[in-house]
Amino acid sequence: MNGRGVFLVFTILIAGSFAQFDRFRDFKNNVELRGRLPRGRGHASPCGQTRQVPVNLNSVSQEVMVAGRDLCVDLSRISPPGSKKVEAFDMNGGVNVIVTLEHTPIYTIAHIHSRNISRNAFDKKVMFQFMGEKGLLLSEAELHITVIWLSLDVDVDRDGVVDFDSPFKKSWKYGPDGHGAIVFANMDKDSLDPAKRFRDSDDDFVSNSNDILDLSEILVQTDGPSKIPEDYRLTLFMDDDSTPYARVFDGTGVKKLLNPVDKVAFIDYPGSFGVHEYLIEALSYPHRYFNGFLRLNLGLEKVTATPSLSTSWKTSL
């Protein structure tokens, strides 16, 4: 085991294409109605960094979302001629889903938020109703949602135990009272093979039980239905600055997932109260071109028939 006590920093961050959700509250009335429904805008999306999902008039659309992360629906693009206002509500009649309408002179969008984890596929249902003069119903659109919970966890408080969804995985702090996981730079040689003359960081496998002691544990934890639709998958990947300096294995140390060449790994959704264990090693000490910080990302990706149209959303280490 590497005994020189030199470590790399491993932080968990919440980042990526998710919008902040702190503006949402549990409104007694989940609908805000004001303004009109403009039509015929250009191609720019008013949803910004929030994940946008399509819905169609007089049909049912289906999506999978991560609990606590927002969805955005651009209602201006589908509003029928003569629309004066839109109503949106949770079809289950409860507070499973919070829908907030945002109106401006040029668009109307719906923000959808939920922390209520699904136990069955597409059990959250939102209805959009478009009204004309005198409240006449012109058209409807339904969005059925599966809400899953994802968490990417490490030993944030450095006590030897992986922490459950720690709020401190977004930041790093030095010192004995600090937080942020630590990863060994695996620069020793644990192999008992006398012919092996390289350091453990120079090969792409775990030599033995001593070598495993140099790796840090990562957990991917999920909750939701036992399965998610086949066109969704989980991805594990590092950012470009981290990729050359880390390697990730499965929990046994046998299967290699990520390395400087293989930058993305597709992993199975483990289901309700599911857990996947992984191991990470650092391949270098900090130096002039590497500040010692590694960032690992967990993504939920929707795969389409046309790869260029596939979309993904991530929660990051």
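Residues numbered from 1 in each chain as written. Predicted model: local features only at pLDDT ≥ 70, side-chain atom pairs only at ≥ 80, totals over all residues. Heavy atoms only, no water.

J.: Honestly, the overall build of the protein chain in this entry has me stumped. Any pointers?
T.: A tally of helices and strands in the protein chain yields one helix and 18 strands. A buried classification covers 52% of the 317 residues belonging to the protein chain. When contacts within the protein chain are restricted to residue pairs at least 6 apart in sequence, long-range pairs at least 24 apart make up 72% of them. Split by element, the accessible area of the protein chain, about 15,800 Å² in all, is 53% carbon and sulfur. (Helix = DSSP H or I, 4+ residues; strand = E, 2+ residues; numbered from the N terminus. Buried < 20%, exposed > 50% of the residue type's maximum accessible area, 1.4 Å probe, protein only. Contact = heavy atoms within 4.5 Å. Areas by Shrake-Rupley, 256 points an atom, 1.4 Å probe, with all protein chains shown as cover.)

J.: It is not clear to me how unusual backbone geometry should be interpreted in this structure. Could you clarify?
T.: Within the chain, N58 stands out as a residue other than glycine whose phi angle is a positive 55°. You can see N58 is positioned in the loop between β2 (51-52) and β3 (60-66). Look at N58 and you get exposed, because its relative accessible area is 64%. With phi around 65°, R158 is a residue other than glycine that occupies positive phi space. Looking at where R158 falls in the secondary structure, it is placed in the loop between β9 (137-153) and β10 (181-184). Taking the relative accessible area as the measure of exposure, R158 reaches 26% and is therefore partly exposed.

J.: Which parts of the structure should I look at to understand the side chain of S242?
T.: Note that S242 resides in the loop between β12 (232-238) and β13 (246-250). Judged by relative accessible area, S242 falls into the buried class, the value being 1%. At a separation of 2.6 Å, a polar atom in the side chain of S242 contacts the side chain of D239. A polar side-chain atom of S242 sits 2.9 Å from the main-chain amide nitrogen of R295. Apart from the residues lying within four places of it in its own chain, the contact partners of S242 are F293, L294 and R295. (Polar contact = N/O pair within 3.5 Å; in protein donor to acceptor, adjacent residues only side chain to side chain.)

J.: Hey, could you run me through the nonpolar core in this one?
T.: Side chains of nonpolar character tend, in soluble globular proteins, to be buried together. Residues L236, L258, Y278, L296, L298 and L300 are the most contacted members of the largest nonpolar core, which totals 34 residues. Formed by 22 residues, the second largest nonpolar core is a distinct cluster that contains V73, V86, A110 and F128. (Core = buried A, V, L, I, M, F, W, Y, C linked by side-chain atoms within 4.5 Å.)

J.: How should I be thinking about the side chain of T235 in this particular structure?
T.: As for its position among the elements, T235 is in strand β12. When near neighbours in sequence (up to four residues on either side) are disregarded, T235 contacts V264, A265, F266, N297, L298, G299 and E301.

J.: How should I be thinking about the sheet that holds strand β7 (residues 108-113) in this particular structure?
T.: Two orientations exist for strands paired in a sheet by backbone hydrogen bonds: parallel and antiparallel. With mixed pairing, the four strands of this open sheet are ordered in space as β2-β4-β7-β6. The two strands at the open ends of the sheet, each matched to only one other strand, are β2 and β6 (98-103). (Pairing = 2+ DSSP bridges.)

J.: What is the right way to read the confidence of the model for the protein chain from this model?
T.: Caution applies to low-pLDDT regions: their predicted coordinates should not be interpreted in detail. Per-residue pLDDT for the protein chain has a mean of 79; in total, 79% of the residues score no lower than 70. Within the protein chain, the lowest mean pLDDT, 37, falls on strand β1 (residues 7-11), and the highest, 96, falls on strand β8 (residues 124-131). Here residues 1-42 is modelled with pLDDT under 50, and outside its nearest four sequence neighbours on either side it reaches 158 contacts, counting other chains as well. Considering only residues more than four positions removed or in separate chains, one finds that residues 306-310, a stretch of pLDDT under 50, has four contacts. (pLDDT = per-residue confidence, 0-100.)

J.: Quick question: what am I supposed to make of the pairing of β9 here?
T.: A regular strand places its side chains so that they alternate between the two faces of the sheet. Summarising burial for β9: 14 of the 17 residues are buried, a large majority. Across seven bridges, β3 lies against β9 in parallel orientation. Paired with Q62 across the strands is H144, a residue of β9. Sheet analysis places β8 next to β9, joined by eight bridges and oriented antiparallel. In the strand pairing of β9, V126 is matched with L143. Pairing of β9 with strand β11 (residues 216-223) involves five bridges; the strand directions are antiparallel. Residue pairing in the sheet places D153 in a bridge with L219 of β11.

J.: Would you explain the packing of aromatic side chains in this entry?
T.: Aromatic ring pairs are defined here through the distance separating the ring centres and the angle between the ring planes. In total, this model carries four aromatic pairs according to the counting rule given. Ring geometry for W172 versus F293: centroids 6.2 Å apart, planes at 85°, classification edge-to-face. With W172 in the loop between β9 and β10 and F293 in strand β17 (residues 293-302), this pair connects stretches of sequence that are 121 residues apart. Each ring, one from Y245 and one from F290, has its centre 4.0 Å from the other, and the planes form 15°; the classification is stacked. Here F290 lies in the loop between β16 (274-282) and β17 and Y245 lies in the loop between β12 and β13, a separation of 45 residues in the sequence. (Phe/Tyr/Trp six-rings, centres within 6.5 Å; stacked < 30°, edge-to-face > 60°.)

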